[in-house]
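Structure assessment
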Amino acid sequence: MGISEAVDDVRSRLNAAADRSGRDPGAVRLIAVTKLVDASRVRDCIAAGITDIGENRVQEARAKREDITVPVFWHLLGHLQSNKTAPAAQLFDAIHSIDDVRTAQALAEHRHNDRDPIAALIQVDLTQIPGRHGLREIETFEMVRSVAGLPGVHLMGLMTVAPPVSDPEEARPYFIRLRQLRDAVEHRTGWPLPHLSMGMSDDFEVAVEEGATMVRIGRALFGARP
Ligand SMILES: *Cc1c(COP(=O)(O)O)cnc(C)c1O
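Before going into details, it helps to say that this report is about the structure given with it. (Residues numbered from 1 in each chain as written. Predicted model: local features only at pLDDT ≥ 70, side-chain atom pairs only at ≥ 80, totals over all residues. Heavy atoms only, no water.)

Some words on the overall build of the protein
Scanning the protein from N- to C-terminus turns up nine helices and eight strands. Here the protein has a C-alpha radius of gyration of 17 Å; the compact-globule value for 226 residues is 17 Å, and the two agree. C-alpha extents for the protein along the principal axes are approximately 45 × 40 × 35 Å. Looking at the protein residue by residue over its 226 residues, the buried ones come to 48%. Long-range contacts, defined as pairs at least 24 residues apart, comprise 56% of the intrachain contacts of the protein with a sequence gap of at least 6. Roughly 10500 Å² of accessible area belongs to the protein as shown, and the carbon and sulfur atoms make up 48% of that amount. (Helix = DSSP H or I, 4+ residues; strand = E, 2+ residues; numbered from the N terminus. Rg over C-alpha atoms; globule rule 2.2 N^0.38 Å. Buried < 20%, exposed > 50% of the residue type's maximum accessible area, 1.4 Å probe, protein only. Contact = heavy atoms within 4.5 Å. Areas by Shrake-Rupley, 256 points an atom, 1.4 Å probe, with all protein chains shown as cover.)

Following this line, the structure appears as structure tokens:
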């Protein structure tokens, strides 16, 4: 399958999942995850209609951006080290991996004020798999209060990575929990969190059924990574 067939295939599966759950397919953003994918293939996927690019590392994104001149929306999905907040604040339009206050504050400080605020999502880990980044549910309330309203940062929602599963149905409870957590945090803090970044190649249809507004897809578009 070429890249444009893969984009069409993922898009139609995404649309079908939205239809099944009575949602507007236009309310789900398809982010192509291009870590370890070279710039020429990234350009091909943009030519095939992709408008959102997700990268895991600041360094790799910086190198690739120089080769990609068409305007697209750049998302940082991976953990942001504190010594990379300055370049990240310039390179990206959205950061999905906020899990500490100081990183959010540093992003706010480094975001140039002639730009729109950087979109921010708080990463929540619902798996308790050792080594994973992200907050526990209980920590999310306080984080939202701390990040909401920072100048230069627009807090828009929550992000999670489901555990690796053999049947996508096993990921569904995690997506339901993220949505319910979002509802609870919105209710308690009064801060609107319209976005849920959840769903990857193996489980994005279930995530869409459960309310994802951003899905992050790598292998289903580009094949297995080296
Ligand atoms: C790599 C990655 C993805 C994409 O994973 P695929 O299984 O290739 O779709 C999505 N989100 C994050 C945070 C990732 O690191």
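A word on the packing of aromatic side chains
Applying the stated rule across the entire model yields zero aromatic pairs. Across the ring face of F141, the terminal group of R188 is positioned such that the distance to the ring centre comes to 4.0 Å. (Phe/Tyr/Trp six-rings, centres within 6.5 Å; stacked < 30°, edge-to-face > 60°. Lys NZ or Arg CZ within 6 Å of the ring centre and 35° of its normal.)

Brief notes about the site of the ligand
Around the ligand lies a shell formed by V33, K35, N56, L77, M159, M200, S201, R216, I217, G218, R219 and R225. A distance of 2.9 Å is found between an oxygen atom of the ligand and a side-chain nitrogen or oxygen belonging to N56. R225 places a side-chain nitrogen or oxygen 2.8 Å from an oxygen atom of the ligand. When the ligand is considered free in solution it has 390 Å² of accessible area, and contact with the protein chains removes 92% of it. A breakdown of the residues in the shell around the ligand according to their chemical character gives five nonpolar, three polar and four charged. (Near = heavy atom within 4 Å. Polar contact = N/O pair within 3.5 Å; in protein donor to acceptor, adjacent residues only side chain to side chain. Nonpolar A, V, L, I, M, F, W, Y, C, P; charged D, E, K, R; others polar.)

Comments concerning the packing of helix α6 (residues 137-147) against helix α7 (residues 172-189)
The interhelical angle for the contact between α6 and α7, taken along N-to-C directions, is 40 degrees, at an axis separation of 10 Å. The angle between α6 and α7 places the two elements in the oblique class. Note that α6 runs across α7; the crossing there is right-handed. For the pair α6 and α7, the contacting residues are E137, T140, F141, V144 and R145 in the first and R177, L181, A184, V185, R188 and T189 in the second. (Axes fitted to C-alpha atoms, helices over the stretch in contact; angles between N-to-C directions. Parallel < 35°, antiparallel > 145°, perpendicular 65-115°, else oblique. Left-handed = near helix turned anticlockwise from the far one by under 90°.)

A look at the pairing of strand β1 (residues 29-33)
Each regular strand carries side chains that alternate between the two faces of the sheet. Of all five residues in β1, four are buried, a share of seventy percent or more. In the sheet, β1 pairs with strand β8 (residues 214-217) via four bridges, with the strands oriented parallel. Considered in β8, the bridge of L30 is made with V215. Two elements, β1 and strand β2 (residues 52-55), share three bridges in a ladder whose sense is parallel. Residue pairing across strands places A32 opposite I53, the latter belonging to β2. Crossover handedness for the path β1 to helix α2 (residues 39-47) to β2: right-handed. (Pairing = 2+ DSSP bridges. Right-handed = clockwise from strand over helix to strand, strands pointing away.)

So, the side chain of T213
By the element assignment, T213 lies in the loop between α8 (204-209) and β8. The class of T213 is buried, set by a relative accessible area of 10%. Not counting chain neighbours up to four residues away, the residues in contact with T213 comprise R23, A27, V28, R29, P194, H195 and L196.

A closer look at α7
The end-to-end C-alpha distance of α7 is 26 Å, a good match for the 26 Å that 18 residues give at a rise of 1.5 Å each. The set of residues buried in α7 consists of R172, F175, L178, L181, R182 and V185. Looking one or two places after α7, you find G190, whose phi comes out positive at around 80 degrees. (Expected span 1.5 Å × (residues − 1).)

Considering unusual backbone geometry
Unlike most non-glycine residues, L36 shows phi in positive territory, near 65 degrees. Mapping L36 onto the fold places it in the loop between β1 and α2. The phi angle at Q128 is positive, at roughly 60 degrees, despite the residue not being glycine. Here Q128 shows up in the loop between β5 (118-123) and α6.

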